[in-house]
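One-letter residues, chain by chain:
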Amino acid sequence: MGLFLDTSRVIFSRVKDLRALTSKRHRVKGKWAATQPKQPPTRMALQHFDATYSAQLGALWPSIRVALLSERKYGALLNHFSHNPDVEELQGQGCKDFISNGEAFMFPASADHHSELRPEEDSSSVSTVTHGGGIRQPSPLRLSPNIRCLVFPRGDITRFRPARPDKFGLLSYYLLDAASMLPCLALDVQESHTVLDLCAAPGGKALALLQTQSVRFLCANDLSVSRTSRLKRVLHSYVPKALLTDDKLRITSFDGTIWGEIERNSFDRVLVDVPCTTDRHSLMDDDNNIFSRSRVGERRSLPQLQAQLLLAGILAACPGGDVLYSTCTLSANQNQAVVQQAVQLAEEQHGIQLQVISLRPLAQMFSNTFHFAPNLHLGEMVIPHLAANFGPIYLCKLRRLT
Ligand SMILES: C[S@@+](CC[C@H](N)C(=O)[O-])C[C@H]1O[C@@H](n2cnc3c(N)ncnc32)[C@H](O)[C@@H]1O
């Protein structure tokens, strides 16, 4: 009997243990299911892009999609301050400077109009278009001969090897999406200009601007302290110390949206290269992905943040100065819609009149290297293409009239 009772107790307690174990397993499974994303963020990004970009880009989307999901192509921004044989080696491999090639393409030596449109005089003849659409007289865009960016030819997907330091410790080139040079070129920095780079880290565009050697004073800002440290490291790896003194460069970590309260009507040129959905990264990497569940709110509020940053950039520019807005997304909500909103806010809240500067001539100049979205009503956009897998990069240029 005792044995029976004992056995039943044992059996009963085993059953209890089993039940407890099973229900614990269920609880664990339930909790696991609740905390784990159903889909990885890269998958969520693809679903989101399929829904929005097929509507926005129509027949262009399938080929852009294939390119976005394939390995991207880089460009090597040459460091004017470094002396390294790497560059000749790259040229030997067939790399070409797409910037001087673009100029040659626009202004062939044999062209009849060469004397009227010599690059040094009136290189890209940027037409200016008023917000209402009226065409104004072209204004010159003179590209600095010091900015050079090597790319492998169309269809050639050779990778660049990492740059090496020269005998002074300066690296010979900086690898970046070659299309991200376009906002720097479009900014048209000229001798003795003061420039604000509102969202500057990790520093590719700031470095490109310094390569011109035209900037009198550069203020490079980024909200993120860790990314600002990276920006400092980048500049010190490429630019001699003598050109990074306090009278030439200021690096700050402010929230760019409040820049208008810090410094207004001050800079000849302002670059507003905003945080965005970084479409390529979002499709390729689950880490730090803006499509993760925990970042839904942040993602949805991006257009608002972008408009605030652009408005702050407009306020920071001096009347007559130029502001360049750029992103690395295809999203019209983060591109054209943001520009429209900021232009409206600048006028309504601050009485600032702006003019949209057409970048069509710049796009035509570099149409051998990049694919541009056709018929954009505001700004220009490099779209990824398998034979020239750069971008996406959106850019729009505004001039402060008042
Ligand atoms: C697209 S990245 C800039 C890339 C940079 N221009 C370059 O060429 O290397 C956007 C940057 O904006 C910064 N950012 C985000 N919110 C900001 C804010 N409120 N004010 C200033 N910078 C901000 C991010 O830390 C990020 O480094």
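An unreviewed UniProt entry lists the chain under the name 5-cytosine rRNA methyltransferase NSUN4, from Poecilia mexicana. What the UniProt record of the chain gives under Sequence similarities (unreviewed entry) is the line "Belongs to the class I-like SAM-binding methyltransferase superfamily. RsmB/NOP family." A UniProt comment under Subcellular location (unreviewed entry) is attached to the chain, and it reads "Mitochondrion".

Caption draft 1: Representation of the packing of helix α13 (residues 302–316) against helix α14 (residues 336–350). Where α13 meets α14, the closest approach of the two axes is 9 Å, and the angle between their N-to-C directions is 50°. With respect to α14, the element α13 is oriented oblique. Note that α13 runs across α14; the crossing there is right-handed. Side by side, α13 and α14 meet where P303, Q306, A307, L310, L311, I314 and L315 of the first sit next to A337, V338, V339, Q341, A342, L345, A346 and H350 of the second. Of the residues that constitute the contact of α13 with α14, the class distribution is 12 nonpolar, three polar and no charged.

Caption draft 2: Molecular detail of the pairing of strand β11 (residues 317–327). With eight of its 11 residues buried, β11 lies for the most part within the structure. Pairing geometry for strand β10 (residues 267–273) and β11, over six bridges, is parallel. For L271, the partnering residue across the bridge sits in β11 and is L324. As defined by bridge partners, β11 adjoins strand β14 (residues 393–400) across six bridges and the pair is classed as antiparallel. Bridging across to β14, L324 finds its partner in K397.

Caption draft 3: Representation of the confidence of the model for the chain in the model. Scored by pLDDT, the chain has a mean of 85; 81% of the residues are at 70 or more. Throughout residues 1–30 the model reports pLDDT below 50, and contacts reaching past four residues in sequence, or to other chains, amount to zero contacts. Predicted confidence is poor over residues 108–140, with pLDDT under 50, and the contacts of this stretch with residues over four places away or in other chains come to 52 contacts. For this predicted complex, the interface confidence comes out at an ipTM of 1.00, alongside a pTM of 0.85.

Conventions we followed
- Residues numbered from 1 in each chain as written.
- Predicted model: local features only at pLDDT ≥ 70, side-chain atom pairs only at ≥ 80, totals over all residues.
- UniProt positions renumbered as here; feature names shortened; annotations may be inferred.
- Axes fitted to C-alpha atoms, helices over the stretch in contact; angles between N-to-C directions.
- Helix = DSSP H or I, 4+ residues; strand = E, 2+ residues; numbered from the N terminus.
- Parallel < 35°, antiparallel > 145°, perpendicular 65-115°, else oblique.
- Left-handed = near helix turned anticlockwise from the far one by under 90°.
- Contact = placed C-beta atoms within 7 Å.
- Nonpolar A, V, L, I, M, F, W, Y, C, P; charged D, E, K, R; others polar.
- Buried ≥ 20, exposed ≤ 12 C-beta atoms within 10 Å, placed from the backbone.
- Pairing = 2+ DSSP bridges.
- pLDDT = per-residue confidence, 0-100.

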